[in-house]
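# Remarks on the overall topology
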Amino acid sequence: MKNSTRIVILITLVLKLLFFGCGKQESTIKYTIGFSQCNSAEPWREAMNKELLREAAKHPELKIMINDGQQDNSKQVADVENFIVQEVDLLIISPNEAQPLTNIVEKAFDKDIPIIVLDRKVLTDKYTVFIGAENVKIGKAAGEYAAKLLKGKGNVVEIWGLKGSTPAMERHEGFIQGLSSHPVIKIIYEQDGAWLRRKGREIMENALQRFDKIDLVYGHNDPMVIGAYIAAKNANRVDKTFFIGIDGLPGAEGGAQAVLNGELNATFLYPTGGEKAVQVALDILAGKKVPKTITLETVTIDKSNASNYK
Ligand code: FRU
(Lines give C-alpha, C1' and ligand atoms only; values in the text may rest on other atoms or scores of the structure.)
Protein backbone atom coordinates (compact mmCIF):
# COMPACT_ATOMS: atom_id res chain seq x y z
CA MET A 1 0.00 0.00 0.00
CA LYS A 2 1.28 3.44 -0.90
CA ASN A 3 2.10 5.81 1.95
CA SER A 4 -0.43 8.35 0.66
CA THR A 5 -3.20 5.69 0.67
CA ARG A 6 -2.28 4.79 4.24
CA ILE A 7 -2.54 8.41 5.31
CA VAL A 8 -5.95 8.78 3.63
CA ILE A 9 -7.24 5.64 5.42
CA LEU A 10 -5.87 6.87 8.74
CA ILE A 11 -7.45 10.31 8.38
CA THR A 12 -10.80 8.74 7.44
CA LEU A 13 -10.66 6.50 10.51
CA VAL A 14 -9.84 9.38 12.84
CA LEU A 15 -12.66 11.49 11.38
CA LYS A 16 -15.11 8.61 11.76
CA LEU A 17 -14.09 8.16 15.37
CA LEU A 18 -14.40 11.85 16.06
CA PHE A 19 -17.85 12.21 14.58
CA PHE A 20 -19.46 8.86 15.30
CA GLY A 21 -17.27 6.89 17.67
CA CYS A 22 -17.81 8.82 20.88
CA GLY A 23 -21.54 9.00 20.79
CA LYS A 24 -24.56 8.67 18.62
CA GLN A 25 -24.35 9.38 14.92
CA GLU A 26 -25.59 12.91 14.43
CA SER A 27 -27.61 11.73 11.41
CA THR A 28 -29.73 9.34 13.54
CA ILE A 29 -30.64 11.95 16.14
CA LYS A 30 -34.22 13.06 15.74
CA TYR A 31 -34.96 14.65 19.11
CA THR A 32 -32.95 16.71 21.54
CA ILE A 33 -33.97 16.69 25.19
CA GLY A 34 -32.69 19.23 27.70
CA PHE A 35 -32.58 17.98 31.27
CA SER A 36 -32.27 20.69 33.88
CA GLN A 37 -31.07 18.87 36.99
CA CYS A 38 -31.13 20.91 40.22
CA ASN A 39 -27.75 19.49 41.19
CA SER A 40 -25.64 16.56 40.13
CA ALA A 41 -23.51 16.30 43.26
CA GLU A 42 -25.63 14.12 45.55
CA PRO A 43 -25.64 10.31 45.12
CA TRP A 44 -29.39 10.20 44.52
CA ARG A 45 -29.05 12.79 41.71
CA GLU A 46 -26.10 10.91 40.21
CA ALA A 47 -28.24 7.78 40.19
CA MET A 48 -31.04 9.67 38.45
CA ASN A 49 -28.67 10.99 35.75
CA LYS A 50 -27.20 7.53 35.18
CA GLU A 51 -30.65 5.94 34.88
CA LEU A 52 -31.74 8.57 32.41
CA LEU A 53 -28.64 8.23 30.24
CA ARG A 54 -28.76 4.42 30.36
CA GLU A 55 -32.34 4.43 29.13
CA ALA A 56 -31.64 7.10 26.50
CA ALA A 57 -28.67 5.08 25.18
CA LYS A 58 -31.15 2.47 24.00
CA HIS A 59 -32.67 5.01 21.62
CA PRO A 60 -30.34 6.26 18.87
CA GLU A 61 -32.89 8.90 17.90
CA LEU A 62 -32.52 10.69 21.27
CA LYS A 63 -29.88 13.10 22.44
CA ILE A 64 -29.97 14.23 26.07
CA MET A 65 -28.11 17.22 27.43
CA ILE A 66 -27.88 17.49 31.22
CA ASN A 67 -27.26 20.84 32.88
CA ASP A 68 -26.29 20.93 36.54
CA GLY A 69 -28.09 23.70 38.43
CA GLN A 70 -25.64 23.33 41.34
CA GLN A 71 -28.40 23.88 43.91
CA ASP A 72 -28.65 27.47 42.75
CA ASN A 73 -32.06 28.72 41.61
CA SER A 74 -30.71 31.47 39.34
CA LYS A 75 -28.21 29.09 37.71
CA GLN A 76 -31.07 26.69 37.04
CA VAL A 77 -33.27 29.44 35.57
CA ALA A 78 -30.40 30.33 33.22
CA ASP A 79 -30.00 26.65 32.28
CA VAL A 80 -33.66 26.41 31.26
CA GLU A 81 -33.38 29.73 29.42
CA ASN A 82 -30.50 28.20 27.42
CA PHE A 83 -32.55 25.14 26.54
CA ILE A 84 -35.34 27.43 25.30
CA VAL A 85 -32.85 29.34 23.12
CA GLN A 86 -31.50 26.03 21.78
CA GLU A 87 -35.08 25.06 20.88
CA VAL A 88 -34.92 21.63 22.53
CA ASP A 89 -37.73 19.28 21.54
CA LEU A 90 -38.58 18.50 25.15
CA LEU A 91 -37.56 19.74 28.58
CA ILE A 92 -37.16 17.62 31.70
CA ILE A 93 -36.75 19.57 34.91
CA SER A 94 -36.16 18.60 38.52
CA PRO A 95 -36.44 22.04 40.09
CA ASN A 96 -34.26 23.09 43.02
CA GLU A 97 -37.01 25.13 44.70
CA ALA A 98 -40.59 25.42 43.51
CA GLN A 99 -41.35 29.14 43.48
CA PRO A 100 -38.13 30.49 41.87
CA LEU A 101 -38.38 27.99 38.97
CA THR A 102 -42.08 28.45 38.24
CA ASN A 103 -41.87 31.41 35.83
CA ILE A 104 -39.25 29.88 33.59
CA VAL A 105 -41.20 26.61 33.35
CA GLU A 106 -44.26 28.62 32.32
CA LYS A 107 -42.19 30.50 29.75
CA ALA A 108 -40.92 27.24 28.19
CA PHE A 109 -44.43 25.79 28.15
CA ASP A 110 -45.77 28.94 26.46
CA LYS A 111 -43.15 28.35 23.75
CA ASP A 112 -44.78 24.95 23.13
CA ILE A 113 -41.94 22.93 24.58
CA PRO A 114 -43.35 19.77 26.19
CA ILE A 115 -42.22 19.57 29.82
CA ILE A 116 -41.69 16.67 32.20
CA VAL A 117 -41.43 17.81 35.81
CA LEU A 118 -39.48 15.18 37.70
CA ASP A 119 -39.53 14.51 41.48
CA ARG A 120 -39.85 18.12 42.75
CA LYS A 121 -42.83 20.23 41.71
CA VAL A 122 -43.37 23.78 40.46
CA LEU A 123 -46.26 26.07 41.40
CA THR A 124 -48.13 25.96 38.11
CA ASP A 125 -49.95 23.45 35.96
CA LYS A 126 -48.21 24.68 32.82
CA TYR A 127 -46.28 21.47 32.20
CA THR A 128 -47.07 18.26 30.36
CA VAL A 129 -46.58 15.63 33.04
CA PHE A 130 -45.30 15.28 36.58
CA ILE A 131 -43.43 12.07 37.43
CA GLY A 132 -42.61 11.23 41.03
CA ALA A 133 -43.53 9.37 44.19
CA GLU A 134 -46.15 10.71 46.59
CA ASN A 135 -44.26 12.54 49.29
CA VAL A 136 -47.21 13.17 51.60
CA LYS A 137 -47.87 9.44 51.60
CA ILE A 138 -44.20 8.68 52.31
CA GLY A 139 -44.11 11.23 55.14
CA LYS A 140 -47.26 9.72 56.62
CA ALA A 141 -45.81 6.21 56.48
CA ALA A 142 -42.68 7.56 58.20
CA GLY A 143 -44.83 9.15 60.93
CA GLU A 144 -46.73 5.93 61.53
CA TYR A 145 -43.50 3.94 61.59
CA ALA A 146 -42.01 6.42 64.08
CA ALA A 147 -45.09 6.16 66.33
CA LYS A 148 -44.73 2.38 66.33
CA LEU A 149 -41.03 2.51 67.23
CA LEU A 150 -41.73 5.06 69.98
CA LYS A 151 -44.72 3.12 71.31
CA GLY A 152 -46.74 6.31 71.18
CA LYS A 153 -44.49 8.71 73.09
CA GLY A 154 -41.17 10.51 72.79
CA ASN A 155 -39.08 13.43 71.56
CA VAL A 156 -38.41 13.80 67.85
CA VAL A 157 -35.84 15.84 65.92
CA GLU A 158 -36.96 16.56 62.36
CA ILE A 159 -34.35 17.46 59.75
CA TRP A 160 -36.00 19.12 56.80
CA GLY A 161 -34.95 19.06 53.15
CA LEU A 162 -34.65 22.45 51.48
CA LYS A 163 -37.77 24.23 52.73
CA GLY A 164 -38.63 25.77 49.34
CA SER A 165 -38.68 22.37 47.63
CA THR A 166 -41.98 20.48 47.51
CA PRO A 167 -40.74 17.08 48.75
CA ALA A 168 -39.62 18.76 52.00
CA MET A 169 -42.99 20.49 52.47
CA GLU A 170 -44.90 17.30 51.67
CA ARG A 171 -42.71 14.97 53.73
CA HIS A 172 -43.26 17.24 56.72
CA GLU A 173 -47.01 17.48 56.14
CA GLY A 174 -47.32 13.69 55.82
CA PHE A 175 -45.24 13.08 58.94
CA ILE A 176 -47.53 15.32 60.99
CA GLN A 177 -50.52 13.37 59.63
CA GLY A 178 -48.86 10.09 60.58
CA LEU A 179 -48.34 11.32 64.14
CA SER A 180 -51.77 12.94 64.48
CA SER A 181 -53.24 10.32 66.79
CA HIS A 182 -50.18 10.39 69.07
CA PRO A 183 -50.26 13.73 70.92
CA VAL A 184 -47.54 12.62 73.33
CA ILE A 185 -44.97 12.45 70.55
CA LYS A 186 -43.36 15.89 70.30
CA ILE A 187 -41.19 17.42 67.60
CA ILE A 188 -38.77 19.22 69.91
CA TYR A 189 -36.40 20.58 67.26
CA GLU A 190 -36.70 21.08 63.49
CA GLN A 191 -34.21 22.66 61.12
CA ASP A 192 -33.61 22.98 57.37
CA GLY A 193 -30.76 20.65 56.39
CA ALA A 194 -30.98 21.57 52.67
CA TRP A 195 -30.84 17.83 51.78
CA LEU A 196 -27.15 17.74 52.76
CA ARG A 197 -25.42 15.14 54.94
CA ARG A 198 -23.02 17.73 56.36
CA LYS A 199 -25.94 19.89 57.53
CA GLY A 200 -27.75 16.90 59.01
CA ARG A 201 -24.71 16.29 61.14
CA GLU A 202 -24.44 19.94 62.24
CA ILE A 203 -28.13 20.11 63.12
CA MET A 204 -27.84 16.96 65.22
CA GLU A 205 -24.73 18.29 67.00
CA ASN A 206 -26.77 21.32 68.05
CA ALA A 207 -29.76 19.19 69.03
CA LEU A 208 -27.58 16.92 71.17
CA GLN A 209 -26.24 19.93 73.05
CA ARG A 210 -29.68 21.34 73.68
CA PHE A 211 -31.68 18.22 74.54
CA ASP A 212 -30.82 15.37 76.89
CA LYS A 213 -33.52 13.13 75.54
CA ILE A 214 -33.85 12.57 71.78
CA ASP A 215 -35.79 9.42 71.04
CA LEU A 216 -36.02 9.59 67.27
CA VAL A 217 -34.55 11.49 64.35
CA TYR A 218 -36.66 11.84 61.22
CA GLY A 219 -34.84 13.28 58.22
CA HIS A 220 -36.33 14.06 54.83
CA ASN A 221 -33.53 12.09 53.13
CA ASP A 222 -31.07 9.38 54.12
CA PRO A 223 -27.84 11.39 53.78
CA MET A 224 -29.01 13.95 56.39
CA VAL A 225 -30.05 11.18 58.79
CA ILE A 226 -26.77 9.34 58.31
CA GLY A 227 -25.05 12.66 59.13
CA ALA A 228 -27.18 12.89 62.28
CA TYR A 229 -26.31 9.29 63.18
CA ILE A 230 -22.59 10.11 62.94
CA ALA A 231 -23.08 13.11 65.27
CA ALA A 232 -24.96 10.94 67.78
CA LYS A 233 -22.35 8.20 67.54
CA ASN A 234 -19.54 10.67 68.25
CA ALA A 235 -21.47 11.83 71.31
CA ASN A 236 -22.05 8.22 72.44
CA ARG A 237 -25.79 8.72 72.13
CA VAL A 238 -26.95 6.36 69.40
CA ASP A 239 -28.22 3.60 71.66
CA LYS A 240 -31.45 5.19 72.81
CA THR A 241 -32.31 6.92 69.53
CA PHE A 242 -34.12 5.67 66.42
CA PHE A 243 -33.20 7.01 62.97
CA ILE A 244 -35.61 7.17 60.02
CA GLY A 245 -34.82 8.44 56.53
CA ILE A 246 -36.12 8.50 52.95
CA ASP A 247 -34.57 7.46 49.56
CA GLY A 248 -33.43 3.86 50.08
CA LEU A 249 -30.81 4.21 47.38
CA PRO A 250 -28.95 0.99 46.55
CA GLY A 251 -25.15 0.81 46.82
CA ALA A 252 -22.54 0.91 49.55
CA GLU A 253 -23.40 4.48 50.57
CA GLY A 254 -27.15 4.06 50.16
CA GLY A 255 -30.00 3.90 52.66
CA ALA A 256 -30.71 0.19 52.34
CA GLN A 257 -27.11 -0.59 53.29
CA ALA A 258 -27.38 1.89 56.18
CA VAL A 259 -30.36 -0.12 57.45
CA LEU A 260 -28.31 -3.33 57.22
CA ASN A 261 -25.45 -1.58 59.06
CA GLY A 262 -27.84 -0.68 61.88
CA GLU A 263 -27.49 3.09 61.29
CA LEU A 264 -31.04 3.58 60.08
CA ASN A 265 -34.05 1.80 61.57
CA ALA A 266 -36.02 2.37 58.39
CA THR A 267 -36.03 4.23 55.12
CA PHE A 268 -38.67 4.68 52.43
CA LEU A 269 -37.83 4.00 48.81
CA TYR A 270 -37.97 7.13 46.67
CA PRO A 271 -37.38 6.08 43.06
CA THR A 272 -35.48 8.59 40.92
CA GLY A 273 -37.77 8.16 37.92
CA GLY A 274 -34.88 8.60 35.44
CA GLU A 275 -35.81 5.60 33.33
CA LYS A 276 -39.51 6.42 33.37
CA ALA A 277 -38.84 10.02 32.31
CA VAL A 278 -37.13 8.87 29.11
CA GLN A 279 -39.91 6.40 28.31
CA VAL A 280 -42.56 9.09 28.83
CA ALA A 281 -40.51 11.60 26.80
CA LEU A 282 -40.54 9.15 23.88
CA ASP A 283 -44.32 8.83 24.16
CA ILE A 284 -44.78 12.59 24.16
CA LEU A 285 -42.43 13.03 21.20
CA ALA A 286 -44.35 10.33 19.33
CA GLY A 287 -47.51 12.37 19.85
CA LYS A 288 -49.11 9.97 22.33
CA LYS A 289 -51.32 11.28 25.08
CA VAL A 290 -49.83 10.96 28.56
CA PRO A 291 -51.51 11.41 31.97
CA LYS A 292 -50.85 14.65 33.86
CA THR A 293 -49.36 12.74 36.81
CA ILE A 294 -47.39 9.50 36.85
CA THR A 295 -46.94 8.15 40.35
CA LEU A 296 -43.91 6.08 41.30
CA GLU A 297 -44.34 3.55 44.09
CA THR A 298 -42.60 3.56 47.46
CA VAL A 299 -41.69 0.69 49.80
CA THR A 300 -40.86 0.66 53.50
CA ILE A 301 -37.33 -0.68 53.88
CA ASP A 302 -36.27 -2.00 57.27
CA LYS A 303 -34.31 -4.96 58.64
CA SER A 304 -36.96 -7.35 57.33
CA ASN A 305 -36.33 -6.60 53.63
CA ALA A 306 -33.27 -4.30 53.29
CA SER A 307 -31.11 -7.00 51.70
CA ASN A 308 -33.47 -6.98 48.69
CA TYR A 309 -32.71 -3.30 48.06
CA LYS A 310 -28.97 -3.01 48.64
C1 FRU B 1 -31.44 14.69 46.18
C2 FRU B 1 -32.61 14.67 47.05
C3 FRU B 1 -33.01 13.30 47.52
C4 FRU B 1 -34.41 13.55 47.89
C5 FRU B 1 -34.84 14.38 46.71
C6 FRU B 1 -36.03 15.22 46.94
O7 FRU B 1 -31.21 16.00 45.72
O8 FRU B 1 -32.33 15.49 48.14
O9 FRU B 1 -32.21 12.83 48.57
O10 FRU B 1 -35.17 12.46 48.12
O11 FRU B 1 -33.74 15.17 46.39
O12 FRU B 1 -36.28 16.03 45.86
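Look up: the structure comes first, before these words.
Residues numbered from 1 in each chain as written. Predicted model: local features only at pLDDT ≥ 70, side-chain atom pairs only at ≥ 80, totals over all residues. Heavy atoms only, no water.

The next subject is the packing of helix α7 (residues 197-210) against helix α8 (residues 222-234). Taken N-terminus to C-terminus, the directions of α7 and α8 make an angle of 40°; their axes are 7 Å apart at the nearest point. By the criterion of interaxial angle, the relationship of α7 to α8 is oblique. Judged by the twist between their axes, the crossing of α7 over α8 is right-handed. Mapping the contact onto sequence places Arg-197, Gly-200, Arg-201, Met-204, Glu-205 and Leu-208 in α7 and Pro-223, Met-224, Ile-226, Gly-227, Ala-228, Ile-230, Ala-231, Ala-232 and Asn-234 in α8. Of the residues belonging to the contact of α7 with α8, the class tally is nine nonpolar, three polar and three charged. (Axes fitted to C-alpha atoms, helices over the stretch in contact; angles between N-to-C directions. Helix = DSSP H or I, 4+ residues; strand = E, 2+ residues; numbered from the N terminus. Parallel < 35°, antiparallel > 145°, perpendicular 65-115°, else oblique. Left-handed = near helix turned anticlockwise from the far one by under 90°. Contact = heavy atoms within 4.5 Å. Nonpolar A, V, L, I, M, F, W, Y, C, P; charged D, E, K, R; others polar.)

Right, let's talk about the environment of Thr-295 for a bit. Note on placement: Thr-295 falls in strand β11 (residues 293-296). Taking C-alpha positions, Thr-295 is 5.3 Å from Ala-133, a pair spaced 162 residues apart along the chain. Apart from residues lying up to four places away in sequence, Thr-295 is in contact with Gly-132 and Glu-134.

Core analysis: the largest hydrophobic core is formed by 44 residues, its most contacted members being Ile-92, Ile-116 and Ile-131. The leading source of residues in this core is helix α10 (residues 274-285), at seven residues. Built from parts of two domains, this core gets at least three residues from each of domain 1 (29-133 + 272-296) and domain 2 (135-270 + 303-308). If we skip the residues at most four places from it in the chain, Ile-92 touches Ile-33, Gly-34, Phe-35, Ser-36, Leu-52, Ile-116, Leu-118 and Ala-277. Ala-207, Val-225, Phe-243 and Ile-301 belong to the second-largest nonpolar core, a separate cluster that totals 32 residues. (Core = buried A, V, L, I, M, F, W, Y, C linked by side-chain atoms within 4.5 Å. Buried < 20%, exposed > 50% of the residue type's maximum accessible area, 1.4 Å probe, protein only. Domains from an automatic or database assignment.)

Attention now goes to the site of the ligand. Taken together, Asn-39, Glu-42, Trp-44, Arg-45, Asp-119, Arg-120, Pro-167, Arg-171, Trp-195, Asn-221, Asp-247 and Tyr-270 make up the full set of residues adjacent to the ligand. A distance of 3.1 Å separates an oxygen atom of the ligand from a polar atom in the side chain of Arg-171. Taking Asn-221, its side chain carries an N or O atom lying 3.0 Å from an oxygen atom of the ligand. Surface burial for the ligand is 100%, taken as the share of its 310 Å² of free accessible area covered by protein chains. Those elements that provide at least two residues to the shell around the ligand are α2 (43-57) and α6 (166-179). Looking at which domains feed residues into the shell around the ligand, each of domain 1 (29-133 + 272-296) and domain 2 (135-270 + 303-308) gives three or more. (Near = heavy atom within 4 Å. Polar contact = N/O pair within 3.5 Å; in protein donor to acceptor, adjacent residues only side chain to side chain. Areas by Shrake-Rupley, 256 points an atom, 1.4 Å probe, with all protein chains shown as cover.)

As a further point, take the sheet that holds strand β5 (residues 129-133). The strand order across the open sheet built from six strands is β2-β1-β3-β4-β5-β11, with neighbouring strands paired in parallel fashion. Lying at the two open borders of the sheet, with one neighbouring strand each, are β2 (62-68) and β11. This sheet shows a mean twist of 15° between the axes of neighbouring strands, independent of strand direction. Here three bridges tie strand β3 (residues 90-94) to strand β4 (residues 115-118), and the two strands are oriented parallel to one another. Note on β4: the bridge partner recorded for Leu-91 is Ile-115. (Pairing = 2+ DSSP bridges.)

Turning to the packing of α2 against α10, a few remarks are in order. Contact geometry for α2 and α10: axes closest at 7 Å, N-to-C directions at 40°. One element, α2, and the other, α10, form an angle in the oblique class. Seen along the crossing, α2 lies across α10 with a hand that is right-handed. Note on element contacts: α10 touches α2 through Gly-274, Glu-275, Val-278 and Gln-279, opposite Met-48, Glu-51, Leu-52, Glu-55 and Ala-56. Its residues placed into classes, the contact of α2 with α10 shows four nonpolar, two polar and three charged.

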